[in-house]
Amino acid sequence: MPAHQSARRTPADSRPQPVSGIPMRDLLASCAAAAAVSTPPRAPDPRPAAEPAKDHREAA
């Protein structure tokens, strides 16, 4: 925006304008839905060993 236009801005001009008439709530909801759909599922937790190791050596 040229400097001469920014100097003439009024308080009414500083309010955010809706993007093509879509409310911000709907835009944010669509972004959250897109992130949920595109995020791969979490990897399963590794299974713990059934028995502790029997060959436990002492430190030297």
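Scroll up for the structure.
Along each chain, residue indices are assigned from 1 in the same order as the chain's sequence is written. Given that this is a predicted model, residues contribute local features only at a pLDDT of at least 70 and side-chain atom pairs are listed and counted only at 80 or more, while totals for whole chains, interfaces and linings are drawn from all residues. Hydrogens are left out, water is left out, and the side-chain values use all remaining heavy atoms of the structure.

**With respect to the overall build of the chain**
And then number 1: Assigned secondary structure in the chain consists of two helices and zero strands.
And then number 2: Only protein chains enter the accessibility calculation, which uses a 1.4 Å probe; a residue whose area is less than 20% of its type maximum is buried, one above 50% is exposed, and one in between is partly exposed. Buried residues in the chain amount to 0% of all 60 residues.
And then number 3: In these tables, accessible area is a Shrake-Rupley quantity obtained with a 1.4 Å probe, and a residue counts as shielded only by the protein chains included in the view. Summed over all atoms, the accessible surface of the chain reaches about 6,300 Å², with 60% contributed by carbon and sulfur. Labels follow the DSSP assignment, with helices taken as runs of H or I lasting at least four residues and strands as runs of E lasting at least two, numbered in each case from the N terminus.

**Points about the pattern of salt bridges**
And then number 1: Salt-bridge detection follows one rule: a side-chain nitrogen of Lys or Arg within 4 Å of a carboxyl oxygen of Asp or Glu. Using the criterion set out here, one finds two salt bridges in the structure.
And then number 2: Measuring nitrogen to oxygen at the nearest pair gives 3.7 Å for the salt bridge that ties Arg-25 to Asp-26.
And then number 3: Taking the shortest distance from any N to any O, the salt bridge between Arg-42 and Asp-45 comes out at 3.7 Å.
And then number 4: Asp-45 sits in the exposed class, given a relative accessible area of 57%.

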